[in-house]
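Structural overview for review
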Amino acid sequence: MARLSNYNTKQRDLILEYLKASQGEHVTADMILKYLAVHKTPVGKATVYRYLDLLEKNEMVRKYQTDERGKSCYQYIGDIHNCRYHYHLKCVECGTLFHITCEELDHVSEHMLKEHGFLVDDSRTVYYGTCESCRKKKL
């Protein structure tokens, strides 16, 4: 785990404030940049990504790939352990990423370990499909 330095800046404080306020949501670097601009503390995109990478290494945020081009979103997890152990459903139509806790899926993870010797990281498992809202729009 990388060490968070004592080098705190107004920008870092605002980024962390935004992430905490958005807990349970998936945010992008662009959303953070807009927040910083509104608070008259603009920074470069590279600075935001460097800090997000540091927070990820310190297990304070979780990073998710949102598309094939490598675009990412981030979720603040801080010290909340129940947020670390859940699955995700990604709608291929609208792009929404849903959190779910499901005992049935836990059985799949148990099966993978027992029968195949493969330990699944449930918190990073993403199932792709079409959400109920998008399916209804097509009717």
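Our subject is the structure that appears above.
Okay, so let's go over this structure. (Residues numbered from 1 in each chain as written. Predicted model: local features only at pLDDT ≥ 70, side-chain atom pairs only at ≥ 80, totals over all residues. Heavy atoms only, no water.)

1. A look at the packing of aromatic side chains
Summed over all chains, the structure comprises two aromatic pairs. Considering the side-chain rings of Tyr 18 and Tyr 35, the 4.7 Å spacing of their centres and the 40° angle between planes classify their relative orientation as tilted. With Tyr 18 in helix 1 (residues 10-21) and Tyr 35 in helix 2 (residues 29-38), the pair connects residues that are 17 residues apart, well separated along the chain. Tyr 35 carries the same exposure label as Tyr 18, and that label is buried. Taking the centre distance of 6.5 Å and the plane angle of 55° together, the rings of Tyr 87 and Tyr 127 count as tilted. Taken together, the residues Tyr 87 in strand 3 (residues 87-91) and Tyr 127 in strand 5 (residues 126-129) connect sequence positions 40 residues apart. Judged by its relative accessible area of 33%, Tyr 127 falls in the partly exposed class. (Phe/Tyr/Trp six-rings, centres within 6.5 Å; stacked < 30°, edge-to-face > 60°. Helix = DSSP H or I, 4+ residues; strand = E, 2+ residues; numbered from the N terminus. Buried < 20%, exposed > 50% of the residue type's maximum accessible area, 1.4 Å probe, protein only.)

2. Quick word on the side chain of Asn 58
Looking at the element boundaries, Asn 58 is found in the loop between helix 3 (45-57) and strand 1 (61-65). Looking at Asn 58, its side chain comes within polar contact range of the main-chain oxygen of Leu 54, at 2.9 Å. (Polar contact = N/O pair within 3.5 Å; in protein donor to acceptor, adjacent residues only side chain to side chain.)

3. Comments concerning the packing of helix 1 against helix 2
Between helix 1 and helix 2, the least distance of the axes is 10 Å, while the angle of their chain directions is 120°. Relative to helix 2, the element helix 1 is oriented oblique. Both helix 1 and helix 2 take part in a crossing whose hand is right-handed. Of the residues in helix 2, those in contact with Gln 11, Leu 14, Ile 15, Glu 17, Tyr 18 and Leu 19 of helix 1 are Met 31, Ile 32, Tyr 35 and Leu 36. Residues that form the contact of helix 1 with helix 2 fall into these classes: eight nonpolar, one polar and one charged. (Axes fitted to C-alpha atoms, helices over the stretch in contact; angles between N-to-C directions. Parallel < 35°, antiparallel > 145°, perpendicular 65-115°, else oblique. Left-handed = near helix turned anticlockwise from the far one by under 90°. Contact = heavy atoms within 4.5 Å. Nonpolar A, V, L, I, M, F, W, Y, C, P; charged D, E, K, R; others polar.)

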